[in-house]
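# Observations on chain architecture
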Amino acid sequence: MNTERMQILEMLAAGKVTVAEAEMLLAALTPTSAAPAMDTETLKAAERAASTGFSASGPYKAAPPRPPQPPRPPRAPRPPRPSRGRRADVIDQVIQLRNHGIDADYVKRMREELGDLPTDEIIALGIHDIQPEYVRQLRDLGLELSVDDVVAFGIHDIDPQYVGEMRAELGDLTIDDIVALGIHDIRPELVRELRGLGLDLSVDDVVACGIHGIRPEYVRALHDLGLELSTDDIVAFGIHGVRPESIAALRQAGLTELTPDELVALAIHGVDAAYITAARDAGLLQKEG
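Remember, it's a predicted structure, so these values are computed and weren't measured experimentally. (Residues numbered from 1 in each chain as written. Predicted model: local features only at pLDDT ≥ 70, side-chain atom pairs only at ≥ 80, totals over all residues. Heavy atoms only, no water.)

### Points about the overall build of the protein chain
Each helix and strand in the protein chain was counted, giving 17 helices and 2 strands. Going through the 289 residues of the protein chain one by one, you find that 33% of them count as buried. Once local pairs closer than 6 in sequence are excluded, the contacts in the protein chain between residues at least 24 apart make up 47%. For the protein chain, the computed accessible surface area is about 18,700 Å², with 52% contributed by carbon and sulfur atoms. (Helix = DSSP H or I, 4+ residues; strand = E, 2+ residues; numbered from the N terminus. Buried < 20%, exposed > 50% of the residue type's maximum accessible area, 1.4 Å probe, protein only. Contact = heavy atoms within 4.5 Å. Areas by Shrake-Rupley, 256 points an atom, 1.4 Å probe, with all protein chains shown as cover.)

### Thoughts on a negative patch on the surface
Taken together, D157, D159, E165 and E189 make up a surface patch of like negative charges. On the secondary structure map, D157 appears in the loop between α8 (147–155) and α9 (160–170). (Patch = residues over 30% accessible without salt bridge, like charges linked within 9 Å, V, L, I, M, F, W, Y side chains within 5 Å. Salt bridge = Lys/Arg side-chain N within 4 Å of Asp/Glu carboxyl O. Lys, Arg positive; Asp, Glu negative; His and termini not counted. Charge placed at Lys NZ, Arg CZ, Asp CG, Glu CD.)

### Brief notes about the nonpolar core
Judged by nonpolar contacts, the single largest core of 61 residues is most densely connected at L125, F153, L181 and F237. With residues near it in sequence (within four places) discarded, L181 still touches Y162, M166, L170, L173, I186, V203, V206 and V207. (Core = buried A, V, L, I, M, F, W, Y, C linked by side-chain atoms within 4.5 Å.)

### Comments concerning the pattern of salt bridges
The final tally for this structure, using the stated rule, is 8 salt bridges. Of the charged contacts, one joins D185 and R187 as a salt bridge, the two residues approaching to 3.3 Å between their closest N and O atoms. Judged by its relative accessible area of 51%, D185 is exposed. Residue E245 pairs with R243 through a salt bridge whose shortest N-O separation is 4.0 Å. Salt bridges sharing partners connect three or more residues here, namely D105, R109 and E133.

### Some remarks on the packing of α9 against helix α11 (residues 188–196)
Packing of α9 against α11 leaves a shortest axis separation of 9 Å and a crossing angle of 10°. In this view, α9 runs roughly parallel relative to α11, as classed from their interaxial angle. Listed contacts from α11 to Y162, E165, M166, E169 and L170 of α9 are P188, V191, R192 and R195. Here the residues of the contact of α9 with α11 are counted per class, giving 5 nonpolar, no polar and 4 charged. (Axes fitted to C-alpha atoms, helices over the stretch in contact; angles between N-to-C directions. Parallel < 35°, antiparallel > 145°, perpendicular 65-115°, else oblique. Nonpolar A, V, L, I, M, F, W, Y, C, P; charged D, E, K, R; others polar.)

### A word on helix α13 (residues 216–224)
Within α13 the residues assigned to the buried category are P216, Y218, V219 and L222. Here the buried residues of α13 occupy an arc of 160° about the axis, which is enough to place them on one side. In this structure, α13 carries E217 and D224 as exposed residues pointing more than 90 degrees from its buried face. Elements in contact with the buried residues of α13: α11, α14 (231–240) and α15 (244–252). Looking one or two residues past α13, G226 carries a phi angle of roughly 80°, positive in sign. (Arc of directions from axis to C-beta.)

### Let's talk about the packing of α9 against helix α10 (residues 175–183)
With their axes 11 Å apart at the nearest point, α9 and α10 run at an angle of 105° to one another. In terms of axis orientation, α9 runs roughly perpendicular to α10. Residues Y162, V163, M166 and L170 of α9 form the contact with α10, whose participating residues are I178, L181 and G182. Counted by class, the contact of α9 with α10 contains 6 nonpolar, 1 polar and no charged residues.

Here it is as C-alpha cells:
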C-alpha cells in the first residue's frame, strides 16, 4: 500500500473524511490499469478504527479539542476619505462649466437675475439650458422663483405664455400649481372646454382630469345620458373606468335608476350588464316589473 493510500485511510480513521470522500480520493489515485480500489467494507472498517483508538498504521491518538477562540474585537470605524483638496474641487467645477457651455458672461447675467448663485446651482441651470432671458420673463410675471423652481419650469417646458394663459383660466396660481399643471401637460384649452360644460374646477380638479384622461367629449357623453353629475362624480368615474357605454348597457339590463355612487361601486367590483343578465337568467336576481 503506497503512502498516499495510507494517508487517506488515516484521514478516514481520524474522521477528517467520510467513506464516500475516501472512495473518491482512492479512485483518483488508482490508474485505470491498476488494481481496483478498496471496497466499501474495507473503508468502513478503517472508519471504525477511530472508535477503537487504532489507525491503519498503528495506535491512533485523537487530536486534543481546540480551545475556544476569544471573540474578535470590533473593527475600528474607517476614517473618512480625505478630501482631494480645494484645488481638485475647483478643477471639477471648471470642467463641468466647460462641458455644459457655461461661460463667464452666462454666470454674470444669471446672477443678475437670481442673485449671488453658488457654482453648483449655476451648473444645474446650465445643464437644463435655462437662459437668463427666460428667468427674466418669468419674474416679470411676478413669480418669486428659486433656482429649483426655475429648473422645474425648464424641465417641464413651462414658458411665460403658458403661465399667463393658465392664470386667465384658473386665477392666481402658486408655483406648485403651475408645476403640477405643467407636469401633466394640462393645456388651457382643456380647462376652457371643461368649464364650458358647467364644471366648477379647482387646480386639483383640473390635474385629476388630466391624469385620468377626462376629456370634454367624455363629459358630453355623460351629460347626454341625462346624468346630474358634480365635478367629483366625473373625476370618480374617470378614476374607476365608468364609461358612458357601460351605463347605457346597465340601463338596458334593467338598472335604470343607478346613482353615481352605485355606478362607481359596480365598476370597482367588475359588475357589468352581462353579469347582471346572467345572474337574472340563473334566478339569482328578481326581474323588475
